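# Secondary and tertiary structure notes
Here is what each chain is made of, one letter per residue.
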Amino acid sequence: MSPSADKDFSFPKGFLWGAATAAHQIEGSPLADGAGPSIWTRFAHTPGMTLNGDTGDVACDHYRRWKDDVRLMRELGLQAYRFSVSWSRILPEGTGRVNQAGLDFYSRLVDELLANDIEPLLTLYHWDLPAALDDRGGWLNRDCADWFAEYGRVLYRALDGRVKKWVTLNEPWVVTDGGYLHGALAPGHRSRFEAPIASHNLMRAHGAAVQAYRAEGAHEIGLVVNIEPKYPASDSEADAAATRRAHAYMNEQYLHPALLGRYPPELKEIFGDAWPDFPEEDFRLIVQPLDFVGINYYTRSVTAADASYPLKAGAVRQPLGTYTETGWEVFPQGLTDLLLWFKRTYGDLPVYITENGAAFFDPAVAEDGRVRDPLRIDYLRKHLSAIHDAIAAGVDIRGYMAWSLLDNLEWSLGYSKRFGIIHVNYGTQERTPKDSARWYSGIIESHGRGL
Ligand code: LGS
């Protein structure tokens, strides 16, 4: 039975339907037109850091094919497009000299989106720090708050008004957990001592960029976090405590300081002597009024106590669960639970679902030109239904961005995982909308009633 059988799907007026990407994952040509290298260009070119040595040198060649990609968006009827700007295209050294050619690329993209009635949602930072700033300590250097505000200011001055929805950071949790604690993502550090400092500085940078926006911009700015509900694997005390730690670490570590001006107490327990006492005045910078929060949702975790470092909590695989190609459980109810938790904890802030989607093994493009991806359709449908449940329960959700518009470079996993609703042939760069894209197009046209 389809989830729509007993529901009347009406989404709020003005609910925005779109899709998302990020610069390093789609653009290619990372050093074109005067751009400086980012930590991802450097990391991917370091032997052994990415699957098959895959780099973003070509990716989806969006840097040259952007016009065709906007046309595809238009054909699908997308109302919004979330993308990120590559900081080192704009400021090749991270601060100081502005590279006009880099700015022009995004300016043209924004104009093309607007000419096609597609609302741009611009993310300032989706993980590709200028390498020149990493050489100065990257997110471990407290000056990063000033660097980030300076970069933001350049873009606000150039694009605010044409861009009305701004995002400071994408997923600070992943930046820190992957980049500074476990080392699977750029810049590849593994340090329990660095992680809390990088996190805290990311949040200071977020605060400084929002402050700068209030001085320069006249529209909306928010923060995007990846959060996932944590459910205890058993009713033991140990699992309950592990679940509490995992929840604080992933779900509250960034939202608490940004919205409440403090960290959850569990972080000190988790990091022990590596958790610094941060100066009180930092929180006044971090806690800025936001116009919205963006939530990226992919999966849940069933949590049990274990010996892992430093959380002492791990995810337990569900024998009867359904898993995607990245090994993440499909659990739409978790999105409803999470949205209700968000409202209970942080109040009535507008929310966008800024990413949601799945990598599945897609068949090749068939002779009839179709890519049959029923599992992705099922995934998207169930999650949209879960969002609808949260809206019906009073959560102020303003839009949905499918991850991703295109198959693209999945960071350290290279080109091995395909999240796109549009198939990309990496040999020819040919784009083919998958069945899920056509389905999503119909959902947009009916404003969700087709669910
Ligand atoms: O491509 C990234 C997508 C794919 O899955 C995107 O750039 C990121 O913003 C985002 O992190 N993305 C993503 N996240 C899923 C994280 C699920 C982690 C589950 C781990 C369970 C073991």
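Residues numbered from 1 in each chain as written. Predicted model: local features only at pLDDT ≥ 70, side-chain atom pairs only at ≥ 80, totals over all residues. Heavy atoms only, no water.

Each pair of aromatic rings is reported with the distance of its centres and the angle of its planes. Taken as a whole and assessed by the stated rule, the structure comprises 39 aromatic pairs. When the centroid spacing of 6.2 Å and the interplanar angle of 90° are considered together, the rings of W87 and Y125 count as edge-to-face. Highlighted residues: W87 in helix α4 (residues 87-90) and Y125 in strand β3 (residues 119-125), separated in sequence by 38 residues. Ring centres of Y263 and F278 lie 5.8 Å apart, and the angle between their planes is 45°; this geometry places the pair in the tilted category. Highlighted residues: Y263 in the loop between α11 (255-260) and α12 (266-271) and F278 in the loop between α12 and α13 (280-286), separated in sequence by 15 residues. You'll find Y263 and F278 in the same group, each marked buried. (Phe/Tyr/Trp six-rings, centres within 6.5 Å; stacked < 30°, edge-to-face > 60°. Helix = DSSP H or I, 4+ residues; strand = E, 2+ residues; numbered from the N terminus. Buried < 20%, exposed > 50% of the residue type's maximum accessible area, 1.4 Å probe, protein only.)

Counting 146 residues, the largest nonpolar core has W87, W139, F148, L155, W166, I397 and Y440 as its most contacted members. Look past the residues within four positions of W87 in its chain and what remains in contact with it is G94, Y125, D128, L129, P130, L133, W139, W147, F148 and Y151. (Core = buried A, V, L, I, M, F, W, Y, C linked by side-chain atoms within 4.5 Å. Contact = heavy atoms within 4.5 Å.)

To continue, consider the layout of surface pockets. Taken as a whole, the largest pocket encloses approximately 1200 Å³ of empty space. Elements supplying a minimum of two residues to the lining of the largest pocket: α8 (172-181), α10 (237-252), β8 (301-305) and β9 (313-315). At five residues, the largest contribution of residues to the lining of the largest pocket is made by α8. A class-by-class count of the residues in the lining of the largest pocket yields 24 nonpolar, 14 polar and ten charged. (1 Å grid on protein atoms, 1.4 Å probe; cavity = no way out; pocket = protein on both sides within 12 Å on 5 of 7 lines; lining within 4 Å. Points joined across faces, edges and corners; volume = space filled by probe spheres on them. Nonpolar A, V, L, I, M, F, W, Y, C, P; charged D, E, K, R; others polar.)

This brings us to the pairing of strand β10 (residues 351-355). Judged by how many residues are buried, β10 sits mostly within the fold: five of five residues are covered. Two strands pair when backbone bridges link them, and β10 and strand β11 (residues 397-403) are joined in this way by three bridges, in the parallel orientation. Opposite Y352, over in β11, you have G399 as the bridge partner. On the question of chirality, the crossover connecting β10 to the parallel β11 by way of helix α15 (residues 374-392) is right-handed. (Pairing = 2+ DSSP bridges. Right-handed = clockwise from strand over helix to strand, strands pointing away.)

Let us look at the site of the ligand. The local shell around the ligand holds 14 residues, among which Q25, H126, E171, E355 and E410 are the closest. Here an oxygen atom of the ligand and a side-chain polar atom of E355 are 2.8 Å apart. Note that an oxygen atom of the ligand is positioned 2.5 Å from one of the side-chain N or O atoms of E410. Notes on the ligand: free accessible area 530 Å², of which the protein chains cover 79%. Structurally, the ligand is housed in the largest pocket. The residue inventory of the shell around the ligand, partitioned by class, reads six nonpolar, four polar and four charged. (Near = heavy atom within 4 Å. Polar contact = N/O pair within 3.5 Å; in protein donor to acceptor, adjacent residues only side chain to side chain. Areas by Shrake-Rupley, 256 points an atom, 1.4 Å probe, with all protein chains shown as cover. Sits in = over half its atoms within 2 Å of the grid points.)

One pass over the structure, following the stated rule, counts 32 salt bridges. With its nearest N and O atoms 2.8 Å apart, the salt bridge here joins R370 to D435. Taken together, the residues R370 in the loop between β10 and α15 and D435 in helix α16 (residues 435-445) connect sequence positions 65 residues apart. Taking relative accessible area as the criterion, R370 reaches 35% and is therefore assigned partly exposed. By relative accessible area, which is 15% here, D435 ends up buried. The partner of D373 in a salt bridge is R376, and the shortest N-O contact between them spans 2.8 Å. For the pair shown, D373 and R376 are each scored as buried. Each of D362, D373, R376, D407, R418 and K434 takes part in salt bridges that share partners, so that together they form one network. (Salt bridge = Lys/Arg side-chain N within 4 Å of Asp/Glu carboxyl O.)

Taking burial as the measure, the seven residues of β3 include six buried ones, the bulk of the element. Relative to β3, strand β2 (residues 80-84) is paired through five bridges, and the arrangement is parallel. Within the sheet, the bridge partner assigned to R82 lies in β3 and is L121. Direction of pairing for β3 relative to strand β4 (residues 165-170): parallel, over a ladder of four bridges. Its bridge partner lying in β4, L122 is registered against W166.

With that settled, consider the packing of α8 against helix α9 (residues 194-216). Helix packing geometry: the angle between the two helix axes and the distance between the axes. One can describe the packing of α8 onto α9 by two numbers: an axis separation of 9 Å at closest approach and a directional angle of 150°. Considering their axes alone, α8 and α9 lie roughly antiparallel with respect to each other. The way α8 lies across α9 gives a crossing that is right-handed. Here α8 contributes P172, V175, T176, Y180 and L181 to the contact with α9, which in turn contributes E194, A195, A198, S199, L202 and M203. (Axes fitted to C-alpha atoms, helices over the stretch in contact; angles between N-to-C directions. Parallel < 35°, antiparallel > 145°, perpendicular 65-115°, else oblique. Left-handed = near helix turned anticlockwise from the far one by under 90°.)

Attention now moves to the side chain of R89. Looking at the secondary structure, you find R89 in helix α4. Among the residues examined, R89 registers a relative accessible area of 2% and is labelled buried. In this structure the side chain of R89 is engaged in a polar contact, spanning 3.0 Å, whose partner is the backbone oxygen of S29. Ignoring any residue separated from it by four or fewer positions in sequence, one finds R89 in contact with E27, G28, S29, P30, A32, A35, Y63, N99, G102 and Y106.

Helix length check: α9 (23 residues) gives 32 Å between terminal C-alpha atoms against 33 Å at 1.5 Å per residue, within 8%. Burial of α9 is extensive: 17 of the 23 residues sit out of reach of the surface. (Expected span 1.5 Å × (residues − 1).)

Another point: the sheet that holds strand β6 (residues 230-232). Pairing is mixed in the open sheet, where three strands are placed in the order β6-β8-β9. In this open sheet, the two strands that pair with only one neighbour each are β6 and β9. The sheet shows a mean angle of 45° between the axes of neighbouring strands, direction not considered. Here β8 runs beside β9; their pairing, made up of three bridges, is antiparallel. Among the inter-strand pairings, A304 is bridged to a residue of β9, identified as G314. Contacting β6, β8 and β9, α10 runs over the sheet at an angle of about 125° to β8.

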